[in-house]
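Structure at a glance
Below are the chains, spelled out letter by letter.
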Amino acid sequence: MTRLTRREFIRRVSIGIGAAGLSDPEKGILFTSPHLPQCRDVPLGDDIAKGLGVKTYVTNDANAAALGEFYFGAGRGAHNFIYITISTGIGGGIIINDRLYTGSSGTAGELGHMTIDADGPPCRCGNKGCWEALASGSALSKEARRKISQGAQTAILSYADGDIDKVTAETVQQAAEQGDALAEELIARTGYYFGIGLANLINIFNPELIVIGGGLSNMGDRLLKPAFRVAEERSFRQTCQRVRFARAELGPNSGVLGAAAYALPPTKK
Ligand SMILES: [Zn+2]
């Protein structure tokens, strides 16, 4: 026999959602979503709450992942840390003095859209030269396709069935693992730009820990060594010495666990 009736259960639980895009966590509104371009100012929290009869909280997916690592993963024990996910894009979350920093209207932590190069390539957000337009998996594959179309000598295409449209960060990585010079150069270039963004974050937030997750982090030293070197070169020595880098521990579960934790009510003071 269960301990709670359904009514009792519904009264006690709440739902946490980590949604890709800009959202207002106070009102549960999803302003925009990169995966759902038609989505504009959707009252996601209220809609789900009405449908299921359960109080619902909405936060950004990368902020949820930051909370997941903070409570249950590589960020355990840290008080000031930054979570960065590097995959097709770059996202993140900022924990300041044990709390997720959400800013004045809930949209803080859009790390991937800090400008790294004022005249850089266009970003899907409409800006130019954003961190994710230079250092993400899609930036890497785009640059690989550009080099190949210019006639660069590389084995990358052979890992993409000879089809330039099938060139991805993974195929570049596969070629690099076999010693392909262009693939190695492209990943090091991605690491270089990733490091510039890290230096900015280190100087601004003086974190004790930076946790890096997302598919591209699996490239390991090939990507992260040049990134850490550039971060060290471009940030204040005393600030950089304080920071520790760690790989995320929870993989795809970080967002789910963090969103669930986000739905818990704060303790009353
Ligand atoms: Zn952008």
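The preceding data block contains the structure.
Definitions and limits used
Residues numbered from 1 in each chain as written. Predicted model: local features only at pLDDT ≥ 70, side-chain atom pairs only at ≥ 80, totals over all residues. Heavy atoms only, no water. 1 Å grid on protein atoms, 1.4 Å probe; cavity = no way out; pocket = protein on both sides within 12 Å on 5 of 7 lines; lining within 4 Å. Points joined across faces, edges and corners; volume = space filled by probe spheres on them. Helix = DSSP H or I, 4+ residues; strand = E, 2+ residues; numbered from the N terminus. Nonpolar A, V, L, I, M, F, W, Y, C, P; charged D, E, K, R; others polar. Contact = heavy atoms within 4.5 Å. Buried < 20%, exposed > 50% of the residue type's maximum accessible area, 1.4 Å probe, protein only. Pairing = 2+ DSSP bridges. Axes fitted to C-alpha atoms, helices over the stretch in contact; angles between N-to-C directions. Donors = N, O, S within 2.8 Å, 3.2 Å for Na, K, Ca; no water.

The volume enclosed by the largest pocket comes to roughly 1100 Å³. Lining the largest pocket are 50 residues, and of these Thr88, Gly89, Ile90, Arg124 and Glu132 lie nearest its centre. Listing elements by their share of the lining of the largest pocket, those giving two or more residues are helix 3 (61–72), strand 6 (81–86), strand 7 (90–96), helix 4 (131–135), helix 5 (137–149), strand 9 (209–213) and helix 10 (253–262). Broken down by element, the residue count for the lining of the largest pocket peaks at five residues, all from helix 5. Looking at side-chain class alone, the lining of the largest pocket contains 18 nonpolar, 23 polar and nine charged residues.

What follows concerns the side chain of Glu143. Tracing the sequence through the fold places Glu143 in helix 5. Discounting residues that sit within four places of it in the chain, Glu143 has contacts with Leu186 and Arg189.

Once that is clear, we can look at the environment of Phe194. Following the sequence through the fold, Phe194 ends up in helix 7 (residues 181–205). Classification of Phe194 as buried rests on a relative accessible area of 0%. Sequence-wise, Phe194 and Asp61 are 133 residues apart; in three dimensions their C-alpha atoms are separated by 20 Å.

Before going further, it helps to examine unusual backbone geometry. A positive phi angle is found at Asp41, which is not glycine, with a value near 50°. By the element assignment, Asp41 lies in strand 4 (residues 40–42). With phi around 75°, Asp98 is a residue other than glycine that occupies positive phi space. Relative to the helices and strands, Asp98 is located in the loop between strand 7 and strand 8 (99–100). Taking the relative accessible area as the measure of exposure, Asp98 reaches 37% and is therefore partly exposed.

It is worth spelling out the sheet that holds strand 4 at this point. Reading across the sheet, the three strands line up as 2-3-4 and stay open at both edges, with antiparallel pairing between neighbours. The sheet terminates laterally at strand 2 (22–24) and strand 4, the two strands that pair on one side only. Strand-to-strand twist of the sheet, defined as the mean angle between neighbouring strand axes without regard to direction, takes the value 20°. Summarising the sheet, strand 3 (residues 29–32) and strand 4 pair through two bridges and their orientation is antiparallel. Its bridge partner lying in strand 4, Thr32 is registered against Arg40.

In terms of residue burial, strand 9 counts as a mostly covered element, since five of its five residues are buried. Bridging between strand 9 and strand 10 (residues 244–247) involves four bridges; their strand directions are parallel. Its bridge partner being in strand 10, Ile212 is matched across the sheet by Arg247.

Okay, the coordination of the zinc ion next. At the metal site, the zinc ion is ligated by His113 (ND1), Cys123 (SG), Cys125 (SG) and Cys130 (SG), and these contacts range over 2.0 to 2.3 Å. Site description for the zinc ion: donor spacing in sequence, H-x9-C-x1-C-x4-C. With His113 in the loop between strand 8 and helix 4 and Cys123 in the loop between strand 8 and helix 4, the pair connects residues that are ten residues apart, well separated along the chain. Owing to a relative accessible area of 22%, His113 belongs among the partly exposed residues under this scheme. Look at Cys123 and you get buried, because its relative accessible area is 10%.

Attention shifts here to helix 6 (residues 169–177). When helix 6 is considered as a whole, its buried residues turn out to be Ala169, Thr171, Val172, Gln173, Ala175 and Ala176. Positive backbone phi, at 85°, marks Gly179, one or two positions downstream of helix 6.

Another point: the sheet that holds strand 10. Each strand in a sheet pairs with another by means of backbone hydrogen bonds, the pair being arranged parallel or else antiparallel. Pairing is mixed across the open sheet formed by five strands, whose spatial order is 8-7-6-9-10. The sheet terminates laterally at strand 8 and strand 10, the two strands that pair on one side only. Alignment of strand 6 against strand 7, held across six bridges, turns out to be antiparallel. Residue pairing in the sheet places Phe81 in a bridge with Ile95 of strand 7. Sheet strands touched by helix 7: strand 6, strand 7, strand 9 and strand 10. Its angle to strand 6, the strand with the most contacts, is close to 160°.

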